[in-house]
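Summary of structural features
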Amino acid sequence: MLDTVLQQLLIGLTNGMVFALVALGYTMVYGILEFINFAHGDVFMLSAFVALTLCGALGLNEHSSAGALAGGLLLCIVASSVFGGLLNLLIDRVVYKPLRKAPKLAPLVSAIGVSFILQNVGLFWGGMAMDVFGGGGQAAAPKAFPNLLPATNLLGATSKITLQPKDVLVIGASLVMMTALYGIVRFTKLGKAMRATAQDPSAARLMGIDVDQVVAATFLIGGALGGFASVIYSLYINTVHYQMGYQNGLYAFTAAVVGGIGNIPGAVLGGLLLGLVRAFSDQFIGAQWQPAVLFGILIVILVFRPAGLLGSTAREKV
Amino acid sequence: MAELRTFLKKIGGLPVLALVLLAVYPFAPVLDWGLEAATGQALHIDRQLVNIFIFSLLALALNLQVGQAGLLQLGIAAFFAIGAFTTGVLTVEKYPFQIGFWGAMLIAPLFGAMGGFLLGAPTLRLRGDYLAIVTLGFGEVMRIVLLNLENITDGPRGLNPVPAPWLPTLVRESLSPAGDASIGVLRAMYFLALIVLAATVVCLSLLEKSRIGRAFVALREDELAASCMGIEPARIKLAAFTGGAALAGLAGCFYATNLTTTAEPNTYDFNYSIMVLCCLIIGGLGSLRGALLGAGLLLGFDNVISPLLTRLLQTALGGESTHVMASFSNWRWIVFGTALVVMMRLRPEGLWPSSRVAEELHETQEDAS
Amino acid sequence: MSAPLLKVDKLTLRFGGLTAVSEVDLRVEEGQIAAVIGPNGAGKTSLFNAITGIYEPTSGEVQLDGKDLQEPMQPRLLLRWMLVGLGVGLIGLLTAANVDSLWAAVIKSQDPNAFSATRALHDAGAYMTAQPRVDMRMAKYFVASFDGQTTFAVVKTPELAATALADAQKRLDNPQTDDDKATAARAVAALQVRGGAFLAGLLLGFLAARAVWQRTRRTPTSVALRGVARTFQNIRLFHNMTVIENVLVASDRHLRAQAKLSDPGRLTAILAPAGLLALTATLALVVRKAAPDAAETLPVLLLAALMLGLLAWLIVVVRRGAFSSASLNQEKAAKSEATELLKFVGLEHRLRDLARNLPYGEQRRLEIARALATRPRLLLLDEPAAGMNPSETVSLMHLIRAIRDRGTTVLLIEHHMRVVMGISDRITVLVHGKRIAEGSPDEIRQNPAVIEAYLGADGEH
């Protein structure tokens, strides 16, 4: 029993880290622009396709040499992060920016539209003829992501708890990224500008902050985090699918809301909480009830704390 | 019924003309004849029209929630599914109830309303975006629940066959030419859906001009000021949400009956909800006529234009291409997505908006800039 | 001396570390015009927001006519929370009992022809309480089982099934074999899980309902309905509604309440067709069940009655529920009342204009008319003269006096000293969230503390 609990704890932690990384992208954009960037999950998905394509092009698989693997992995991470960041930035410039002054519904609906376009692109991408895409020629089928890390148990083959190198990678890399983000937001000039803009965009503008640049940086950083998360997620799960952005985006957004949207530590807390709940509900209730359990918890939390766990209730100015 | 008379005077001849045209169409499907002569293929526009009527009901339901009450609801498919599966359980042979279409038509909206109330009561006080995510989640949960409760819903197979509505012999026979029962059933569904749709449109437009309609506008414009004037935002919103859910349940009942099956639960996914939202956005959020137009356009694209384009594409590529891009139905999300983005940018009030909503949207833009 | 209409006791409002209002006392006598003055940032608008329920006061009390402005705790609320708790508890119970197999046990696996609601209820109860029961009645076989897992007997007649059931119950009550002991233990465990889920749901639902109530016991709406109306410093009209619609929105609520009182048959009128409908539906079902092949005349009649009932019900609901009041007459009454109010504030020539097209001064007047339409006992005006020219200001003073003369007590915030000194009966001075003086205009004018802290510092006023 204890082994099961510990194992699920580990799985939950790992999943939660990925959720948290994606949730950060949602929460940062929400904090500044106050709208749900529905397309964020699909940026995550397309970044995974970039990594997959790169793996295919480089011919990386579990039999490659350790050096090639390390180099390839690094390249994948960099390429996906850059791709995710730039794609997110591009979407903002092309679609959201002209709508900054429109009613709140407009950017939200546009984001849903963009999300659908990206999903469709993912579907077509999956239909491309490439050797590395496992799972048959079907465009909509999940693609196998090569198992780049050894599947050995770090705790020894006899241990009842499995801790694989990829678990360590996910947790370690996520912690590094979150610390880096925290550092940026807390200590750099850009971070200060971001916090100021989140609090009051027009006041920030009056103080000489280039709000446009701050928004661009936010989208860039959020997208890059999503791209980064997509690589470690694909490594962890070993499949890439054109709808994975929707599923994980939904969970990540839920995590952001649970933690208090717009609140960066809240997103991490929400992600971890959701990851843990998911792991335990999969173990003790049944994987098929996963979404029901997660959204049930979301509703309960919002009833008792309408602004999320760490969010503060904003007072309307009268 | 003085208000009805003034109402008729106000709306003018167009809706009445449309109603009359639609009422006689099944007996003289001119468009079908024309298209059949031109393309050599039967398109069965009357069949598509039934789908459009049912989809319009659903769009009107969502319009009540999103367009009128301003609640961002992204899970309308859940209530549609509740209606369909309630109808399924109440009518299929497997279960002892078997109350038939007429009974189900009364009970399905009740269950839809119940679902709406249960979801709405604790969550409608939340801010707009939170509500969006809660309703989205509820849509997912409902789909998962229907899929998992296999004993009840038959899981991925869905409940079937849902029987056709029982009709008196006289009506049945007069609707079926030369004793062809299937045409009789189709026509029965056609007229039933048309009547219910027309009644719904009348009720909703009366509602729009009523006390509650005024409260909707006031809440959309300035919730705080409205609540300081004694309007209870939570109560009005809950009423709109429950009402919309009931209407969606009714649409679900028609859907299942028309399809003769509840269809598999995965039909009622997030994409379905967004498709309904999409047709509101295209037609004009908060506008009854816009919702109808949007429903017609969207289903028209899916069922008429898309297959036509696919055929053209296949001919151009020379024969049967199995590539994912060669079938136009695989492009539909790009088309819908682009439509949403472009509409929001160029014409946020929709193609055929109500005048009030158009003013609201434009005013905000002018004020802000 | 009669009790004051508005009584604010030691009201404190804190935002984080900032104290906007600190232990302010305020009395407004019925039929007076009272004013709150003070330099910018003195906490005047915050005080208004706390009174009207927009902000939750950190501490202190607000009473209107001796009654608390927040919804008092009542025993029936406990009942309501219990009901919500019961609902959530039932959901918990169902989830713990596994809806799927419960449904299977009760409905699906039974012979469709032998369906009876009583039996379904009985079986559901047996399943919920983890009792042995006759599980399935397929063809000729009756299976007595517990939780569909342990089969006690498969028999051919109902009598034998009853015996098997009694036997099974005996074995569970007094288990001898290991098998029976395991089953009995499982029954207890199942009951514990289901009971636990029920209780947890009950508690959760109760607490959730209580939390929601706590948050909404004092909302702008409830304050407005208790007779306090207000205007806003930065005008908050419904800009895309016409002038008369703005007023109608505010008068709808009490008109509806009035309609309810004057029309006790309202509920019956709505429910009667519904009852008729239910009756017709039941009849139709009975007829169909009793004689599936009978001549079709009766079903046709019933169907027609059904549709007529539905139509009648729809008409009643739409006419009574959805229209501005119980009837069109009431809508007319509302309109004439609104027109009268607009005439009172001098906007009768603007009825059909959109609110946003009015000039500034008229927008302020419209906001006052809208607030008056809620028939308040106390009207709070937040800087009504802001941005008005001298002649508009004078007519505003007349208007405020006229409002007082209609019987509505007025409490206003104003910077315009001519207005304040000209019309107020009592003046309260706030500085930095604290009340530093209270008195008649003359007293305030001569109060050295006020002169020093406020007038002196501000110079010109």
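Throughout this document, residue positions are counted from 1 along each chain, in the order its sequence is written. By the order in which they are written, chains take letters starting at A while ligands take numbers starting at 1. Note on the predicted model: pLDDT of at least 70 is required for a residue's local features to be given, and 80 or more for side-chain atom pairs to be given and counted; whole-chain, interface and lining totals, by contrast, use all residues. Only hydrogens and water are set aside when side-chain values are computed; all heavy atoms of the structure are taken into account.

What follows is about the pairing of strand β3 (residues 33–37) of chain C. All names here are of chain C. Judged by how many residues are buried, β3 sits mostly within the fold: 5 of 5 residues are covered. Think of it this way: DSSP has to see at least two bridges between two strands before they count as a pair. Put simply, DSSP marks the helices as runs of H or I at least four residues long and the strands as runs of E at least two long, and each gets a number from the N terminus on. Pairing between β3 and strand β11 (residues 409–413): 4 bridges, direction parallel. Bridging from a neighbouring strand, Val 36 pairs with Ile 413 of β11. Of the strand pairs in this sheet, β3 and strand β12 (residues 426–431) are connected by 4 bridges, and their pairing is parallel. Residue pairing across strands places Ala 35 opposite Ile 427, the latter belonging to β12. The buried label goes to any residue with under 20% of its type's maximum accessible area, the exposed label to any with over 50%, and the partly exposed label to all in between, with areas taken from a 1.4 Å probe on protein chains only.

Residues and elements named next belong to chain C. Strand order in the open sheet made by the 4 strands is β2-β1-β4-β5, with antiparallel pairing throughout. Both edges of this open sheet fall to β2 (18–28) and β5 (67–68), since each of them pairs with a single strand only. Two elements, strand β1 (residues 6–15) and β2, share 7 bridges in a ladder whose sense is antiparallel. In the strand pairing of β2, Phe 15 is matched with Leu 18. Contacts are assigned to residue pairs with any non-hydrogen atoms lying within 4.5 Å of each other. Axes here mean lines fitted to C-alpha atoms, for a helix over just the part in contact, with angles spanning 0 to 180 degrees between N-to-C directions. Across the face of the sheet, helix α1 (residues 44–51) comes into contact with β1, β2 and β4 (59–64) while running at roughly 110° to β1.

This part is about the nonpolar core. As used in this record, nonpolar core signifies buried Ala, Val, Leu, Ile, Met, Phe, Trp, Tyr and Cys residues forming a set joined through side-chain atoms within 4.5 Å. B:Phe55, B:Leu74, B:Phe254, C:Leu6, C:Leu342 and C:Leu411 are the most contacted members of the largest nonpolar core, which totals 314 residues. Counting residues per element, this core draws most heavily on helix α4 (residues 45–68) of chain B, which supplies 15 residues. Core analysis: the second largest hydrophobic core is formed by 15 residues, C:Ala144, C:Ala184, C:Ala187 and C:Ala190 among them.

Before going further, it helps to spend a moment on the confidence of the model for chain B. All names here are of chain B. As a per-residue quantity, pLDDT reports the predictor's confidence and falls between 0 and 100. Averaged over chain B, the pLDDT score is 85; the fraction of residues at 70 or greater is 91%. Considering each helix and strand of chain B separately, the mean pLDDT is smallest for helix α17 (residues 355–368), with a value of 58, and largest for helix α5 (residues 76–91), with 96. In this model residues 364–369 is a low-confidence stretch, pLDDT under 50, and it forms 8 contacts with partners more than four residues away in sequence or in other chains.

A cis geometry characterises the amide bond from B:Asn160 onward to B:Pro161, with omega recorded as -5°. Residue position: B:Pro161 is located in the loop between α8 (150–153) and α9 (169–175). Positive phi outside glycine occurs at C:Asp65, with the angle close to 55°. When you line up the elements, C:Asp65 lands in the loop between β4 and β5.

Residue and element names in this part refer to chain A. Put simply, the grid is 1 Å and covers the protein atoms alone, a cavity is a trapped set of points that fit a 1.4 Å probe, a pocket is an open set with protein on both sides within 12 Å along at least five of seven lines, and lining residues have an atom within 4 Å of a point. Grid points are joined across faces, edges and corners, and a volume is the space filled by probe spheres set on the points. Enumeration according to the criterion identifies 1 cavity of 30 Å³ or more in this entry. There is about 80 Å³ of room inside the largest cavity. What lines the largest cavity is a set of 13 residues, among which Tyr 26, Phe 38, Tyr 246, Gly 249 and Leu 250 lie closest to the centre. At the level of elements, α2 (40–58) and α9 (244–259) are the ones that each hand at least two residues to the lining of the largest cavity. The dominant element in the lining of the largest cavity, judged by the number of residues it contributes, is α9, at 5 residues. Taken together, the residues of the lining of the largest cavity sort by class into 8 nonpolar, 4 polar and 1 charged. Polarity classes work like this: nonpolar for Ala, Val, Leu, Ile, Met, Phe, Trp, Tyr, Cys and Pro, charged for Asp, Glu, Lys and Arg, and polar for all others, with Gly in that last group.

Time to look at the pattern of salt bridges. Residues and elements named next belong to chain A. Counted as salt bridges are all cases of a side-chain nitrogen of Lys or Arg within 4 Å of a carboxyl oxygen of Asp or Glu. Considering all chains together, one arrives at 27 salt bridges over all chains under this definition. With a shortest N-O distance of 3.8 Å, Asp 212 and Arg 93 are connected by a salt bridge. Remark: Arg 93 occurs in helix α3 (residues 66–96) and Asp 212 occurs in helix α8 (residues 211–237); sequence separation between them is 119 residues. A single salt-bridge network, built from bridges that share partners, covers Asp 92, Arg 93, Lys 97, Arg 100 and Asp 212.

In this complex, chain A contributes 47 residues to the contact, which on the side of chain B involves 46 residues. Here chain A packs against chain B, burying approximately 4,000 Å² in sum over the two surfaces, 78% of which is carbon and sulfur. Where chain A packs against chain B, one counts 0 salt bridges. What qualifies as a polar contact is a pair of N or O atoms within 3.5 Å, subject to a donor-acceptor requirement within protein and to the restriction that residues adjacent in sequence count only when both atoms come from side chains. Linking chain A with chain B are 5 residue pairs in polar contact (both at pLDDT 80 or more). Here the side of chain A that touches chain B is built from residues that sort into 36 nonpolar, 7 polar and 4 charged. Note: buried area is the sum, over both parts, of the accessible area (probe 1.4 Å) each one loses when the two are combined.

In this section: the sheet that holds strand β10 (residues 378–382) of chain C. Residues and elements named next belong to chain C. Pairing is mixed in the open sheet, where 6 strands are placed in the order β9-β10-β11-β3-β12-β13. Only two strands of the sheet have a single partner each, and these edge strands are β9 (228–230) and β13 (434–439). Taking the axes of each pair of neighbouring strands and ignoring which way they run, one obtains an average angle of 20° across the sheet. Against the sheet, helix α12 (residues 360–372) makes contact with β9 and β10, and its axis sits at roughly 155° relative to β10, the strand it touches most. Sheet contacts for helix α13 (residues 390–405): β3, β10 and β11; angle to β3, the most-contacted strand, approximately 130°.

All names here are of chain A. Between the first and last C-alpha of helix α10 (residues 264–284) there are 30 Å, a value that for 21 residues agrees with the 30 Å anticipated at 1.5 Å per step. Along α10, the residues that are buried comprise Gly 266, Ala 267, Val 268, Gly 270, Gly 271, Leu 274, Gly 275, Val 277, Arg 278, Ala 279 and Ser 281. Packing partners of the buried residues in α10 comprise α1 (2–33), α5 (165–187), α9 and α11 (290–304). Measuring from the backbone nitrogen of Gly 266 back to the side-chain oxygen at the start of α10 gives 2.9 Å, which picks out Asn 263 as the cap. Positioned one or two residues after α10, Gly 286 has a phi angle of 130°, which is positive. An expected span of 1.5 Å times one less than the residue number is assigned to each helix.

Let's shift gears to the side chain of B:Thr86. All names here are of chain B. Turning to its location among the elements, Thr 86 is positioned in helix α5. A distance of 2.5 Å separates the side chain of Thr 86 from the backbone oxygen of Ile 82, its partner in a polar contact. Setting aside residues no more than four positions away along its own chain, Thr 86 makes contact with Ile 107, Ala 108 and Phe 111.

Before going further, it helps to spend a moment on the packing of aromatic side chains. Ring pairs are drawn from Phe, Tyr and Trp, using the six-membered ring of Trp, whenever the two centres fall within 6.5 Å, and their geometry is named by plane angle: stacked under 30 degrees, edge-to-face over 60, tilted for the rest. Evaluation of the coordinates by the stated rule reveals 31 aromatic pairs over all chains. Pairing B:Phe80 with B:Tyr272 gives two aromatic rings, centres 5.6 Å apart and planes at 20°, and the pair type is stacked. Taken together, the residues B:Phe80 in helix α5 and B:Tyr272 in helix α14 (residues 270–283) connect sequence positions 192 residues apart. Across this residue pair, the class does not change: B:Phe80 and B:Tyr272 are buried. Taken together, the ring pairs in this structure connect A:Phe38, A:Phe116, A:Tyr246, B:Phe270, B:Phe301, B:Trp333 and B:Phe336 into an aromatic cluster.

Within chain C, residue pLDDT values average 83, and 80% of them lie at 70 or more. Our summary of model confidence lists the complex with pTM equal to 0.89 and ipTM equal to 0.87.

What follows deals with helix α6 (residues 189–199) of chain A. All names here are of chain A. Those residues of α6 not exposed but buried are Gly 191, Ala 193, Met 194 and Thr 197. All buried residues of α6 lie within an arc of 160° about the axis, which places them on one face of the element. In this structure, α6 carries Lys 189, Lys 192 and Gln 199 as exposed residues pointing more than 90 degrees from its buried face. Check the buried side of α6 and you find it contacts α1, α5, α7 (201–206) and α8. Along the arc lie the directions from the helix axis toward the C-beta atoms.

A few words now on the environment of B:Leu250. All names here are of chain B. Residue placement: Leu 250 occurs in helix α13 (residues 233–259). With relative accessibility at 13%, the residue Leu 250 sits in the buried group. Spatially, the C-alpha atom of Leu 250 lies 15 Å from that of Cys 203, the residues being 47 residues apart in sequence. Not counting chain neighbours up to four residues away, the residues in contact with Leu 250 comprise Met 105, Pro 109 and Val 196.

Attention shifts here to the packing of α5(A) against α6(A). Angle between the axes and distance between the axes: these two values describe a pair of packed helices. Residue and element names in this part refer to chain A. Relative orientation of the contacting elements α5 and α6 amounts to 75°, with a least axis distance of 5 Å. Here α5 is positioned roughly perpendicular relative to α6, judged by the angle of their axes. Note on element contacts: α6 touches α5 through Lys 189, Gly 191, Lys 192 and Arg 195, opposite Ile 184, Val 185, Arg 186 and Phe 187. Partitioning the contact of α5 with α6 into residue classes produces 3 nonpolar, 1 polar and 4 charged. Every angle not falling under 35 degrees, over 145, or within 65 to 115 is termed oblique; those three ranges are roughly parallel, roughly antiparallel and roughly perpendicular.

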